Amino acid sequence: MDSLQLLDKRLDTTEQVVEEIMRIHRSLPPRPGLDEVEAARSLIQNVEKEDQAWLEAIDNQRKPSSSDVVPGELFAVLQEMKKGLVRFRSKEQIREAAKLLDLETVHSLFDDFIQRASDCINNASPSPSSNGVSAPPSSRPPPPTTVPSSLYFSEKTPARPKEMVSRDDSFVSTAKPSLYGDGFVAPPRAPQQIVDSTLVPGKFAGNEGEKLSLIKLASLIEVSAKKATKELNLQNKLSPQVEWLPDSIGKLSTLTSLDLSENHIVVLPNTIGGLASLTNLDLRSNRINQLPESIGELINLVHLNLSGNQLSSLPSSFSRLLQLEELNLSCNNLPVLPESIGSLANLKKLDVETNDIEEIPYSIGGCSSLKELRADYNKLKALPEAIGKITTLEILSVRYNNIRQLPTTMSSLSSLRELDASFNELESVPESLCFATTLVKLNVGNNFADMVSLPRSLGNLEMLEELDISNNQIRVLPESFRMLTKLRVFRAQENPLQVPPRDVAEKGPQAVVQYMNDLVEARNNSNAKSLVVKPKKSWVQMCFFSNKSNKKKQSSMEIV
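Residues numbered from 1 in each chain as written. Predicted model: local features only at pLDDT ≥ 70, side-chain atom pairs only at ≥ 80, totals over all residues. Heavy atoms only, no water.

Novice: How would you sum up the side chain of Ser 248? Please name residues and give values.
Specialist: Here Ser 248 lies in the loop between strand 1 (231–233) and strand 2 (257–259). Sequence-distant contacts of Ser 248, defined by excluding residues within four places in its chain, comprise Ser 42, Ile 221 and Glu 222. (Helix = DSSP H or I, 4+ residues; strand = E, 2+ residues; numbered from the N terminus. Contact = heavy atoms within 4.5 Å.)

Novice: So what's going on with the pattern of salt bridges? Residues and values would help.
Specialist: Under the counting rule described, the total for this entry stands at eleven salt bridges. With a closest N to O distance of 3.6 Å, Arg 404 and Glu 427 form a salt bridge. Placement of the pair is Arg 404 in the loop between strand 8 (395–397) and strand 9 (418–420) and Glu 427 in the loop between strand 9 and strand 10 (441–443), with a sequence separation of 23 residues. Given the relative accessible area of 43%, Arg 404 is considered partly exposed. Among the ionic pairs, Glu 479 bridges to Arg 523, the shortest N-O distance being 2.4 Å. One end of the pair, Glu 479, is in the loop between strand 11 (466–468) and strand 12 (489–491); the other, Arg 523, is in helix 7 (residues 509–559), and 44 residues separate them in sequence. Exposure remark for Arg 523: the relative accessible area of 40% places this residue in the partly exposed category. (Salt bridge = Lys/Arg side-chain N within 4 Å of Asp/Glu carboxyl O. Buried < 20%, exposed > 50% of the residue type's maximum accessible area, 1.4 Å probe, protein only.)

Novice: Just give me the short version of the nonpolar core, but keep the residues and values in it.
Specialist: Formed by 94 residues in total, the largest nonpolar core has its most connected members in Leu 327, Leu 477 and Phe 481. Broken down by secondary-structure element, the contributors of at least two residues to this core are helix 5 (214–226) and helix 7. In terms of residue count, helix 5 provides more of this core than any other element does, four residues in total. In this view, Leu 327 contacts Leu 304, Phe 318, Ile 341, Leu 344, Leu 347, Lys 349, Leu 350 and Asp 351; residues no more than four positions away in its chain are not counted. Listed in part, the six residues of the second largest apolar core include Val 37, Ala 97, Leu 100 and Ile 215. (Core = buried A, V, L, I, M, F, W, Y, C linked by side-chain atoms within 4.5 Å.)

Novice: How would you sum up the packing of aromatic side chains? Please name residues and give values.
Specialist: All told, the structure shown has three aromatic pairs when counted by the stated rule. Where Tyr 377 meets Tyr 400, the ring centres are 4.5 Å apart and the plane angle is 10°; that geometry is what we call stacked. Residue Tyr 377 is found in the loop between strand 7 (372–374) and strand 8, and its partner Tyr 400 is found in the loop between strand 8 and strand 9; the two are separated by 23 residues along the sequence. Exposure remark for Tyr 377: the relative accessible area of 37% places this residue in the partly exposed category. Taking 4.3 Å as the distance between ring centres and 5° as the angle between the ring planes, the aromatic pair formed by Tyr 400 and Phe 423 counts as stacked. (Phe/Tyr/Trp six-rings, centres within 6.5 Å; stacked < 30°, edge-to-face > 60°.)

Novice: Can you explain a nonpolar patch on the surface? Please cite residues and give values.
Specialist: A cluster of nonpolar residues, Val 69, Val 70 and Leu 74, forms a patch on the protein surface that exposes about 300 Å² of accessible area. With respect to the element layout, Val 69 can be found in the loop between helix 3 (34–59) and helix 4 (72–123). (Patch = residues over 30% accessible without salt bridge, like charges linked within 9 Å, V, L, I, M, F, W, Y side chains within 5 Å. Areas by Shrake-Rupley, 256 points an atom, 1.4 Å probe, with all protein chains shown as cover.)

Novice: Would you mind going over helix 5 in detail, with residue names and values included?
Specialist: Taking 1.5 Å per residue as the helical rise, helix 5 with its 13 residues ought to reach 18 Å, and the 19 Å between its terminal C-alpha atoms agrees with that figure. For helix 5, a buried count of ten out of 13 residues is recorded, marking the element as mostly surrounded by other parts of the structure. Within helix 5, burial applies to Leu 214, Ile 215, Leu 217, Ala 218, Ser 219, Leu 220, Ile 221, Glu 222, Val 223 and Ser 224. Ala 228 lies just past helix 5 and shows a positive phi near 55°. (Expected span 1.5 Å × (residues − 1).)

Below, the structure is given as structure tokens:
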């Protein structure tokens, strides 16, 4: 019904008046939950500080000094446009929060109106001659003569009402009676329940496929903080406009697992350090370009996934994450690893593949619990000798780098099971590697024209099951190859093999092992036969040369 028709509608009886009051009350949009109201207030109070963090992050996105293609002025224009977009979105978020607060204000005001109407009906003394509503008691304060002009939008934060209905019934104060139901006065309206499915992996509040806005996210944080939530899964749940997290994230002090992967987050607030109980943090596939120093306050962190972001450095506070066991830094823009990485003595798995790393620091030897190190697709020219200190290392993968030599300390890797050094510039494999007798998989393929031989003591690797030497310049396999009796996979294509012949190599690894074994046995038998004949021949020669020598001596004496 149009608002002007309200003035023309006839209201001759109490029932008609009550019905109209009920209709107007029902016409309001759903009341926001207490958590949403608190989140909106918090957002408005902290927006300036959060905007500053966001703007600083934009300033930190400097044009690479090596880039001569993009003019500096053009890059500066891009940054200013990003800042303008931040300010615009900030105002939009404030408007959304203010609108929500105004909606709560009008609901609170209507609650008072409903209470007054209910009291009026309860206190009325109807008479046969009157169908109207009795006059209010003299003790009742007069009703307000004016209504706030801006009920739906205000730049100011309204005062918090004394009584508030929440969608979370654990925070509902005693409700007042309303006019609904038979006899005009019914039991209080049941508060709406929040379907708190955001705490269940794979689900979140709202319709299927709906993304959480910043206000909804802030509201969820408030609810989670009050419920002392342990796990929160927001994987791919945030709206693309949510590029930063509200400061209130620091309230989740009981949280042990937080998944924020596959969103559009650019900045983490300093309050992230307040998640004191956190053991698992997943931030993969976002757009984070810098971590706050407060990340070092997450001293209970065990698993940290930062893959698929835009990190170019790590904060010095990283050295404080002493409980960290798994660290994934793959697919970022890291040019180096900090020396502080060596402080992570409990680290078991380190993945830094697909970065721009040119050198792994010598301090890596301090990672005394490391079992898996993956550094594929970088710019490494060598591995530090300190790698040999990590006796716990089981998997070492350095594919697609510029490594020319493996360190001689590889012999100390007494637990090494897999080594992949393919697609490098290796000139040889050190003999010392053959003392790492626990090796099961070895890949030194695709070093192209650089590698021409394998270590003579390759046969020491008696546990070897897979060997890849493809795309090199190897002509002869070492005789000790015959000791590799457990070999199940052997790739040697695109090598100018002569021993064994190519047709033997194509028959499989055990055919090669048998060929090398037969070759060595045949050679040994041939040597044994030659040792039986040589003594007789050498004795005759010895006598001949002895006689000849004596004749020369006699002739020389005669000349003298």
